[in-house]
Structure formats: structure tokens, C-alpha cells
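# Coordinate analysis (summary)
As a plain string of letters, each chain reads:
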Amino acid sequence: MGQSGQDREHRNGVGPQHPPPPPQSFPAWARSTAECQAEFAVSTVAGLRSEEVAWRREIYGWNELEKHSGPSIWRLVLGQFEDTLVRILLAAAVVSFLLAWYDGDRGGGGEAGLTAFVEPLVIFLILVVNAVVGVWQENNAEKALEALKEIQSEHAAVRRDGKLIPSLPAKELVPGDIVELRVGDKVPADMRVLQLISSTFRVDQGSLTGESAAVNKTNRVVNSEDTDIQGKECMVFAGTTVVNGSCVCLVTQIGMNTEIGKIHLQIHEACQSDDETPLKKKLNEFGEVLTAIIGVICAFVWLINVKYFLTWEYVDGWPRNFRFSFEKCTYYFEIAVALAVAAIPEGLPAVITTSLALGTRKMAQKNALVRRLPSVETLGCTTVICSDKTGTLTTNQMSAVRIVAMGRQTNDIRKFKVVGATYDPCDGEIHDWPAENMDDNLQMIAKIAAVCNDASISNSGHQYVASGMPTEAALKVLVEKMGIPGDLDPSSLESSEILRCCQWWNGCARRIATLEFDRVRKSMGVIVKSDSGSNSLLVKGAVESLLERCSYIQLLDGSVVQLDESTKNLVLEALHEMSTNALRCLGFAYKDDISEFATYDGEDHPAHKLLLDPSNYSSIESELIFVGLIGLRDPPRQEVHKAIKDCKAAGIRVIVITGDNKETAEAICREIGVFSPDEDSISASFTGKEFMSLSDKKNRLRQKGGLLFSRAEPKHKQEIVRLLKEDGEVVAMTGDGVNDAPALKLADIGIAMGISGTEVAKEASDMVLADDNFSTIVAAVGEGRSIYNNMKSFIRYMISSNIGEVASIFLTAALGIPEGLIPVQLLWVNLVTDGPPATALGFNPPDRDIMKRPPRRTDESLISAWILFRYLVIGLYVGIATVGVFIIWYTHGSFLGIDLSGDGHTLLTYSQLANWAQCSAWEGFSAAPFTAGSHIFSFDTNPCEYFQSGKVKATTLSLSVLVAIEMFNSLNALSENGSLLTVHPWANPWLLLAMCVSFGLHFVIIYVPFLARVFGIVPLSFNEWLLVLVVAFPVILIDELLKFVGRCRSSFDIQRLSKRYKVD
């Protein structure tokens, strides 16, 4: 032991023979097994000593993922009040509460005092509900990290102190531990393979890398230190699963230093940088503008009424003798608060949430399950879809697509096209297949494909599921399509199994021994016993490797001839053609003369010892008879080509990002339309590593057309998404594996696969595809666009209504007449009366050309200058109508032939109404009693109460006109520019129902005595209702005129652009 080691041992009492290496800097995949053991100071036989483990744990910690403490519940709650609109509501609620408290103290409490608290309490309730929903959504954001921990292994078989510990808790592993892995084990840490116990060792690492098939692992050195995860063939990674074989490994990375630990950190970082959705940004901008407008108008309204609560006299040219009325000051301050309540669309958050929730139901019917409500709207402005290939663009079910069999002569081969894209044996057929006369050559191909095969197919619900290797499952499905020889119909077989033909072949050739696949000979063989009792060898494997061991070839009639060079070249030409189309090819061969295995019948046979050593397999599989080859692939989904075409028409770019190899991915992209058939893909197809080395990444991403990134790792996907977002793109990212989670979290819309997706990917996503289908994304984008258009309709509707309320209160204050609408009434209109029509506008049918338009810009305003002008005009009319009907009741006995004198109220001049505050100074003023329903209002003791409690009828008329106008205005919102003569009201029957509901609610508060007292209103007569409709209806005529002008403007703009285009 060196001096430094002795010093350490002396200080710690015990110590290792060598200092532990820095695991992150050691490229174990590029070092031999002996170098790795030396670097980590461990031997395969003994493992680490207990004291060494304790010392290393002090340095490297436990083998577990970090627990990132999320924000506290109070921080989350406070975060919900950062929105400008919410702050305005909060300020309005606080001021309303203080005023209600003041009025209660001054008025002595009672029912009127309690009524004053309705407004602030309702606003507080809105804020509480909004905060609860927000906290619930943000609390779910960290679940992806918890799901990631669930895929970690809990136990491991570890060798320590020369003994094997069969079930050590995985969290106790340290770098340098020796671990044994077997079939079914979940890999507990990143490890270097030291030695294979079985002849082959395969791991399913698709969830980490995106590879569609399990990969073979070896203990051989990788030549390059700088290689991607897929290239590290001698490494196994935490969270992946062993599907075949067993081996001994050396732990090189634990906890957060593993590949899955890096993904955990990336997810956490992505959680910290959640961006606001486009709609939220628009609403925040709107809230900021609204704050400024409300502040200015409230101050202006209060200031123009200063003369009523602050007076003075001029003495010697200077103001003297100031008189201030706190009561009147408070009254006009209440008017200013009422104006603020009128300006704030309190019901907007609730209506938006309801609309988005209804949108999620529509999307669920199309197999798109939305996990976060705002993502519904964000989908509508998606400009780029970054899609995984395997399982999204393709079926993720390997299928045989081509059979190459031998002809009658050695220079003749036959090709059969196979149709079908799933594991359903009834899905598709074989073109030009001799079903009733299957020759000997085709029979042998079917026999080898069925018997030299370990896969199986089962029916799970409405789909067929494969267990075992996907390529072998595809071969079994092919055998079912091939049928069985002779006149036998497969359906006539007594078996109820899905794979009846395969079962028949296995009955004809019973398997008695298996020569497992290995990477050296690249083939798998089985020894079978036929019905006649003779043994034969059936082999399948890589075509080139198999041809090297074949000496003969079987022709169509079953005759066997010598395999010459020209026939071999013919087969290799067919192989090359299939490989250039990204098909995975398997060759088939057999041998009847198997010498010492001719009488093999089990483990007791003398030749069995040859099977125990895999190095003998190549010699056993020699002098073979070649029979043909089959091309397989993971086929594209049938509907994907049209979906890609729809994306192009909608102005949405499709970028394919996959962990698969470049050639296979390029072939699929050409077939589905991401690349055109004659397009040169050199400038549009990169491996992840190639892209990261480019100096002009953003320019590459900006180029028109589709893009492909193959062999992509998690960091590559994140970088692509980040760069796209920096460039102003709205990115939807699909994924199913653990490796996709960080990019899913970072994207504007993360879309996980429901069938093949891991829980980590689902928890990190905003939307889950129930059918794993790319075309579902396109349908969801169309639905998102429709939902956004409808949201614009009801947002414009609600804002125009609020403009009308503001105009009403402003005119009231400017004219000096008594307050027509009180805050609690405005709150009722904003929350309840406006709510049903606004929600119903979310059911407007989508435009037919919605997926023919380019995506909307993220900076596109909710309300254009022309639309704002339109609603200012509408709002001004609402103000004039509500204030006008208030004045009409006080000053007119009839209006447009409608008699209003039936209740016996006293008529005034406009001058008296405008100067009502001086009522106490009027000589001889009196007000006659009037009736409202069954109630009589009299003013014998104080005639000036005619302008306070006596305004109840005029207030009811104003409120009713406001409600009626807003109902008619909801019809205007059916279309932005379309006339009601072309876009009929019954195009959205839900809106008509909503109008009835809103009118019904208004009748309830008028005709239910208790509610009428709460809202300060009274029943109206028939003539008074007639007046309400006459005053309200013109809003439709005014907007029809404005829509006509809007259509003319649009037509003029189109003509101008058309002329400019021709000139250019």
C-alpha cells in the first residue's frame, strides 16, 4: 500500500487499497474489462469489501435520485395573485369590503348592511376558487419526478466480501460494486458489462433511447470515447430491463450521475422554466391595459364630481371657506368603485375555464386526453410539431412486407408483397400468393419462420399484443397469412389459438433443442423432430452471415442444388434493394443431414455436450441449404400521410426526432411525406451528434420543409425545442420514453403516448394520446384552433358588455343623475347573467377552412383596432340605453307610444333630475307614491328619498335593459363579420338555450321578493318590459351595420393585396 493510502487508513481506521476514481470522468465503455477493474480497485470474484463500501458511500452518497423540494403551499397560493387581472379584482374586493363596513356602521346594520357585503364576498370567493385550481395544477407539475423514481430498481444481486448477496437494496450500491443481472431484472445503476454468463444478453432500453427493439450487449470495448448512448454496447443503464440472458457487471455511475439521473435533473430544470401560454400572456397584457384605463376613468369620474362634496367661496380673488362633505365624497367614491367593478370582467376566468374544460371533452372523444387546461388553447397556435417516429408515425408493430423466395432455376427469384401494419393476423394479405398450391420452397420458409421462433401473439382488448422479439412476432403473423399447405383451410383447424398455422407447423416439427442467437454468427437455430422421426436443423439470421455458411439452395419444387456465386449475388442484390428501403432482412436456411444430432433426443444424448458451448454453434450451422429471405419494418400508420399533408396546408412544420438509425428514419419520412420522393435530404437530415456540432443551428431549424434528427439523445431533443422556442415558434413535442420527459416538459405542448408511453412521459406531458396516433395530434390542433376562435368570440362579447357598463356609469356620473346601477347588480350581470351565453359561444361550430389557414401569431391581439372601435360604439349605445331608460322613467309619461304612467310616479324635468343633490333646497317639492308589483313607495316624510329609495323602478329598468342588450349582443358574437341573415341564431342552439337561462335568472331576482330586496329591484309591468325590448333591440341593427362595414373593409384589403401581388 502506498504512503497516501496508509495515511488515509490511519486517519479513518480502515481504508481501501486504492483511492476511488472520479466516476464521471472515466469512459468505462472505451476501456477493457481489466482496465475497468483496476480503475475501480475491484475484482469480479471477490467484489468490494464492506469497509470499502462505507468509505465510497461517504464520497458518492446513496444510489437514489435527489428529492427536489418544491415551493411551499403558501408560495403557490401567493403565486396565484401575480396576474394583473386578479390583483385588480383583489383591490376592488378590499375597497368594496371597507365601504360595506363603513356603510354598515353608518346605517346601523340590518338587511341592507348585509347586502352591502355580497359584492366583496363574491369577489373573494372567485379569487379563492381561482387560487385553488391554480395550486392544484402547479402541484401536479412535480409528479413526473416522482414517476421517474418508480422505474428505478429496488434490489440487486451484488458480490461483496467474496459472497453473493442475492437481494441487496439498490440504493446501497456504490461505484465499483460487482452486480449480476438476469432475465427480467431492472438495471439498478449505470454499469459496464464485464462478462456474459449466457451466450447472448439483450436489454430493452427503448424508454431511455427511443430504440424500437431490444439491443444486444457485449463486453467488448467501444473504440470511441465520444459516442452516444446507443453506441455504448458494453454499458447497461439504470431503469432499463433485461429481456434475454445474464451477465456480470461493474457499477460505474450511481444516483444523479446515471443517465436517468441526468434526465431527472433536466425535468427539474424544465419545471422551473414553465412559460406562460399565449392566452395567459394576452390576458395579462389586457389586464395591464385595463388597470391603466380603470385608474384613469375612476379618477376622472371622481374628479368631475368634486363640486358635489367640496365647495368654496372666492374672497379677494382667492378661494376661501372650504366645505367638505365626507358622506358625498364617499358616495362618489362608491360610484368610482362601481365603475371599476363594471370594467372588470369578473366572469371571464370562470368562462375561460369552463370553455377549456368543454374543449377537453371534445378532444377526449378524438383520443386526445388533455391533462392541463391551458394546453387546449395553446394547441391552436402550434407552429411546429416535433414528433417521435416509433409508435407515433409508425405502428410500433414490426410487420413483414416482402418475401423473396427461389424460383424454378438458380437464376430466378420470386418476390411477394405483404400488406398489413399490425400484429392482427387478419390485417392484410400477401399479393399473388398461391394459397391453394404452396410449393415446397414457400412451405420451408413458413416452417422455419413458425418453429425457429420464441415470440407469441395475444389479444388484449381491441388490439393484438406481441410478447418476445418484435421481428419474431411479425414472422408468426406472416405465417398465419401464408396459411398451410394443401387443401387445408386454416379456419378448419380445431385449435382456437390466434396462431393456428404456427401451431400446426410446430406440431409437424417438434422443437427439441435451441442454438441461441449470438452476435458472432448472427443467427438462431433449432433442432426439430418431424412426424417421421427424423431430425433436422432450422436456422434464421442475418442474410450475409447465413449465406457464408450455406453450400446449397432450395428451388421452387423442393430440389436442392449447389449454391454458386451468381445465385449468391442474385440474393445479395435483392437484399441490397430491400435494405435501401430501410427493411430489416432475415434469411432462412435448413439442413437435414445433421450428423451427430441425427438421433438427438434430449440432454442424455452424447451430442448434448456440444450444445453447452456456444462456440460450437457456427460449425453445427454449416453446410446449410438457403431457402429465401423476408424483409420487415415498423410500418407507418395508414392515416399519417394525410395528417402530414394537413399540417402543411395548415402552415405547421413537422420535425421528426427519433433514436432510430438514419437510413430507416429517412425512408419512413419519404413514405409519409415529411420529405418528397425526389427531395435531397442531405440538408434536412442529421444525427443528433451532427446537429450539435453545427455552428448555425438556428438557421438549419428555420429552413422550410420537414426536418429529421436521428440517433437523438435527450439533450439533443431539449436543445432543438429550446432553439425553436427562442425563435418564436410554438412547439408541440411528442414522446413516450423516459428520455423524452425533459423535452416534453420544456415544449409548449408536451404530448405523451397513452399505449406505449412510460408513466414518466405521461406525467411530464400536457396531453396524452389514447391511440398513440400522429393524426390525433392534427385533429387536436384543429380543435384547439376552433376553441380559440370561440374563446375570442366570448371574450369580445364579455368585454363589449363591460364597456357598456363602464359607459353607463360614466354617463351617470357625468350627467350628475342618481346612480342607476349599483355594484352588486353589475357583479350579478358579469358573473351570472353573462356567464351562460359566454359559455355557449364556446359551442360555435368550427369554420370549414380552419385547417387551411396558417397558425395565428403568438403576438396577435385578442381585439384588433377595428373590433375595438366596433365595441366602443356598441358600448356607447349600451351606456346611452341604460342611462336613457333611467331618465325616461323619471321624465316621460310615455315613450314611442308606450304608456309608463300606470304606476303613478311623479314626472320631473331633466334639470331637476340632474340637480337632484340640491333637492333639500327646492321649495314646495313633493313626490307622489307609486306602485311596483304589490309594494307601494311613498315619500311623505322626505320627498328627496324619491331620488334614493324611489329610484328602484328606474334602476330595475336600467338593469333589465342591460341584460336584454347583452343577450341580443351575444347573437352578434356568433360571427365576427358574418350577418345574422347568413349565420343564423340556430347555428348554435346552445346559445339560444343560454339566453333563455339568463333571462330566467333575471326574472328570478326580480320576482322572488328576498332576492329583489338583495339586488334593490322591483317587478315590472308589461308596458315596462315592452320599453326594455324597444330600447335594447337596436343593438343588433347597429352591429349589423358595423359588420357590413367590416366586410367591405376586408374585401377592399383582399383586392389591394391581390393587385400588389400581380404588380410584384
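An unreviewed UniProt entry lists the protein under the name P-type Ca(2+) transporter, with Ensete ventricosum as the source organism. The record held by UniProt for the protein lists under Catalytic activity (unreviewed entry) the comment "Ca(2+)(in) + ATP + H2O = Ca(2+)(out) + ADP + phosphate + H(+)". In its Sequence similarities (unreviewed entry) section, UniProt records this for the protein: "Belongs to the cation transport ATPase (P-type) (TC 3.A.3) family. Type IIA subfamily."

Turning our eyes to something else, we now look at the overall build of the protein. Scanning the protein for helices and strands turns up 39 helices and 34 strands. Per-residue burial for the protein yields a buried fraction of 55% across its 1064 residues. The contacts of the protein with a sequence gap of at least 6 include a subset with a gap of at least 24, amounting to 72%. For the protein, the accessible surface area stands at approximately 46,000 Å², while carbon and sulfur atoms represent 56% of it.

Turning to the packing of helix α16 (residues 440-451) against helix α17 (residues 470-482), a few remarks are in order. Viewed as axis vectors pointing N to C, α16 and α17 meet at an angle of 145°, and their least axial separation amounts to 9 Å. Note on packing geometry: the crossing formed by α16 with α17 is left-handed. In this structure, α16 contributes Leu442, Ile445, Ala446, Ala449 and Ala450 to the contact, and α17 contributes Leu475, Lys476, Val479 and Met482. The residue inventory of the contact of α16 with α17, partitioned by class, reads eight nonpolar, no polar and one charged.

Time to look at helix α20 (residues 565-580). Counted at 1.5 Å a residue, the expected span for α20 with its 16 residues is 22 Å, and the 22 Å between its end C-alpha atoms agrees. Within the span of α20, buried status applies to Thr567, Lys568, Val571, Ala574, Leu575 and Met578. Buried residues along α20 cover an arc of 125° about the axis, so they all sit on one side. Facing away from the buried side of α20 by more than 90 degrees, the exposed set consists of Glu565, Ser566, Glu573, His576 and Thr580. Residues of α20 that are buried in the fold lie against β14 (399-406), β15 (413-417), α19 (543-548), β21 (550-554), β23 (584-591) and β24 (624-633). Positive backbone phi, approximately 60°, marks Ala582, located one or two places after α20.

With that settled, the discussion passes to the sheet that holds strand β6 (residues 215-216). Strand order in the open sheet formed by three strands is β6-β5-β8, with antiparallel pairing between adjacent strands. Of all strands in the sheet, those with a lone pairing partner are β6 and β8 (241-244), marking the two edges.

The next thing to look at is the packing of helix α35 (residues 952-972) against helix α36 (residues 989-1007). Taken N-terminus to C-terminus, the directions of α35 and α36 make an angle of 175°; their axes are 10 Å apart at the nearest point. Between α35 and α36, the angle falls in the class roughly antiparallel. Two secondary-structure elements touch here, α35 through Thr956, Leu959, Ser960, Val963, Ala964, Met967, Ser970 and Leu971 and α36 through Leu991, Leu992, Met995, Ser998, Phe999, His1002, Ile1005 and Ile1006. Looking at side-chain class alone, the contact of α35 with α36 contains 11 nonpolar, five polar and no charged residues.

Before going further, it helps to spend a moment on the nonpolar core. Counting 181 residues, the largest nonpolar core has Phe709, Phe774, Tyr890 and Tyr946 as its most contacted members. Leaving out residues up to four positions away in the same chain, Phe774 has contacts with Ile385, Ser387, Thr392, Leu393, Val640, Ala643, Ile644, Cys647 and Val654. If you look at the next biggest cluster of nonpolar residues, it comprises 45 residues, including Ala400, Met482, Cys501 and Val528.

What follows is about the pattern of salt bridges. Per the stated rule, a full pass over the model turns up 27 salt bridges. Salt-bridge contacts for Arg160 lead to Asp177; the nearest nitrogen and oxygen are separated by 2.6 Å. Taken together, the positions of Arg160 in strand β1 (residues 155-160) and Asp177 in the loop between β2 (163-169) and β3 (178-181) put the pair 17 residues apart, joining distant regions of the chain. When sorted by exposure, Arg160 lands in the same class as Asp177, which is buried. Through salt bridges with shared partners, one network takes in Lys698, Glu719, Arg722 and Glu726.

If you trace the backbone, Trp433 turns up in the loop between β15 and α16. Along the backbone, Trp433 and Lys417 are 16 residues apart, and their C-alpha atoms lie at a distance of 9.0 Å. Leaving out residues up to four positions away in the same chain, Trp433 has contacts with Ile403, Phe416, Met438, Leu442, Lys481 and Met482. Side-chain polar atoms of Trp433 contact the backbone oxygen of Met482, separated by 2.9 Å.

Burial within strand β28 (residues 731-735) is extensive, with five of its five residues counted as buried. Burial of the side chains of β28 extends over both faces: Val731, Met733 and Gly735 are buried on one face and Ala732 and Thr734 on the other. With three bridges joining them, strand β13 (residues 384-387) and β28 adopt parallel strand pairing. Across the sheet, Cys386 pairs through a bridge with Met733, a residue of β28. Relative to strand β29 (residues 749-753), β28 runs parallel, the two being bridged by four bridges. Its bridge partner being in β29, Gly735 is matched across the sheet by Ala752.

With that settled, consider helix α33 (residues 865-891). Helix length check: α33 (27 residues) gives 38 Å between terminal C-alpha atoms against 39 Å at 1.5 Å per residue, within 8%. Along α33, 20 of the 27 residues are buried, which leaves the element largely enclosed by surrounding structure.

Together, Glu544, Glu548, Asp564 and Glu565 line one region of the surface with negative charge. Topologically, Asp564 is positioned in the loop between β22 (560-562) and α20. Using a relative accessible area of 31% as the deciding quantity, one classes Asp564 as partly exposed.

Right, let's get into the UniProt feature "transmembrane region" (unreviewed entry) in the protein. Using the residue numbers shown here, the UniProt feature "transmembrane region" (unreviewed entry) corresponds to residues 84-102, 114-136, 289-310, 330-358, 863-890, 990-1010 and 1022-1042. Its end C-alpha atoms 31 Å apart, residues 289-310 is made of 91% helix and 5% strand. The distance separating the terminal C-alpha atoms of residues 990-1010 is 30 Å; by composition the span is 95% helix and 0% strand.

Let us now look at the state of the cysteines. A full pass over the atoms with the stated rule returns one disulfide. Paired by a disulfide, Cys919 and Cys944 hold their sulfur atoms 2.0 Å apart. Judged by the sign of its S-S torsion, about -100°, the bond between Cys919 and Cys944 is left-handed. One end of the pair, Cys919, is in the loop between α34 (910-914) and β33 (930-932); the other, Cys944, is in the loop between β34 (935-937) and α35, and 25 residues separate them in sequence. The pair Cys919 / Cys944 is uniform in exposure class, with both members buried.

This paragraph deals with the sheet that holds strand β12 (residues 368-370). Strands sit in the order β12-β30-β29-β28-β13-β25-β27-β26 across an open sheet of eight strands; the sheet is mixed. The open sheet is flanked by β12 and β26 (685-687), the only strands paired with a single partner. Between one strand axis and the next, the sheet turns by 20° as a mean value, whatever way the strands run. Lying on the sheet, helix α27 (residues 714-726) is in contact with β13, β25 (653-657), β27 (707-710) and β28; it crosses β28 at an angle near 165°.

Turning to a nonpolar patch on the surface, a few remarks are in order. Together, Leu896, Phe1022, Leu1026 and Val1030 give the surface a local cluster of nonpolar side chains, amounting to about 410 Å² of exposed area. Tracing the backbone through its elements, the reader meets Leu896 in the loop between β31 (894-895) and β32 (898-899).

Glancing now at the packing of aromatic side chains. How two aromatic rings sit relative to each other is set out by the distance from centre to centre and by the angle between their planes. Taken as a whole, this structure holds 28 aromatic pairs when the rule is applied. With centroids separated by 5.4 Å and ring planes inclined at 65°, the aromatic side chains of Phe939 and Tyr946 adopt a geometry described as edge-to-face. Positioned over the ring face of Trp62 is Arg57, at 4.3 Å from the centre of the ring. Lying over the aromatic face of Trp62, Lys171 brings its terminal NZ or CZ to 5.0 Å of the ring centre.

Rules used throughout
Throughout this document, residue positions are counted from 1 along each chain, in the order its sequence is written. At least 70 in pLDDT is required for a residue's local features to be given in this predicted model, at least 80 for side-chain atom pairs to be given and counted, and no such filter applies to totals for whole chains, interfaces and linings, which use all residues. Hydrogens and water molecules were not included; the side-chain quantities draw on all heavy atoms of the structure. UniProt positions are given in the numbering used here, feature names are shortened, and annotations may be inferred rather than shown by experiment. Only DSSP runs of H or I reaching four residues or more are called helices, and only runs of E reaching two or more are called strands; each is numbered from the N terminus. Burial classification: accessible surface area is computed with a 1.4 Å probe over protein chains only, and a residue below 20% of its type maximum counts as buried, one above 50% as exposed, and the rest as partly exposed. In this analysis, two residues are considered to be in contact whenever any of their non-hydrogen atoms come within 4.5 Å of each other. Each accessible area is a Shrake-Rupley result for a 1.4 Å probe, and residues are judged covered by the shown protein chains and nothing else. Convention adopted: a line fitted to C-alpha atoms gives each axis, helices being fitted over their contacting stretch, and angles between N-to-C directions are expressed from 0 to 180 degrees. Note on convention: the crossing is left-handed when the near helix lies turned anticlockwise from the far helix by less than a right angle, right-handed when the turn is clockwise. Amino acid classes used here: Ala, Val, Leu, Ile, Met, Phe, Trp, Tyr, Cys and Pro are nonpolar; Asp, Glu, Lys and Arg are charged; the rest, including Gly, are polar. For a helix, the expected span equals 1.5 Å multiplied by the number of residues minus one. Starting at the helix axis, one direction is taken to each C-beta atom, and the arc is that of these directions. Criterion used throughout: strands pair if DSSP finds at least two bridges between them. Here the word oblique covers every angle except those under 35 degrees (roughly parallel), over 145 (roughly antiparallel) and from 65 to 115 (roughly perpendicular). As used in this record, nonpolar core signifies buried Ala, Val, Leu, Ile, Met, Phe, Trp, Tyr and Cys residues forming a set joined through side-chain atoms within 4.5 Å. Salt bridge, as applied in this entry: a Lys or Arg side-chain nitrogen positioned within 4 Å of an Asp or Glu carboxyl oxygen. Polar contact is defined as a pair of N or O atoms within 3.5 Å, subject to the rule that within protein one atom must be able to donate a hydrogen and the other to accept it, and that residues adjacent in sequence are counted only when both atoms are side-chain atoms. Residues enter patches when they are more than 30% accessible in relative terms and free of salt bridges; like-charged ones are connected within 9 Å and nonpolar ones (Val, Leu, Ile, Met, Phe, Trp, Tyr) within 5 Å. Working convention for charge: Lys and Arg count positive, Asp and Glu count negative, and His plus the chain ends are omitted. All charge positions are set by atom: Lys at NZ, Arg at CZ, Asp at CG, Glu at CD. Cysteine sulfur atoms that pair up within 2.5 Å are treated as a disulfide. Classification of ring pairs uses Phe, Tyr and Trp, with its six-membered ring standing for Trp, and accepts pairs whose centres are within 6.5 Å; under 30 degrees between planes counts as stacked, over 60 as edge-to-face, and the remaining range as tilted. Counted as over-ring charges are cases with an Arg CZ or a Lys NZ within 6 Å of the ring centre that also lie within 35 degrees of the ring normal.

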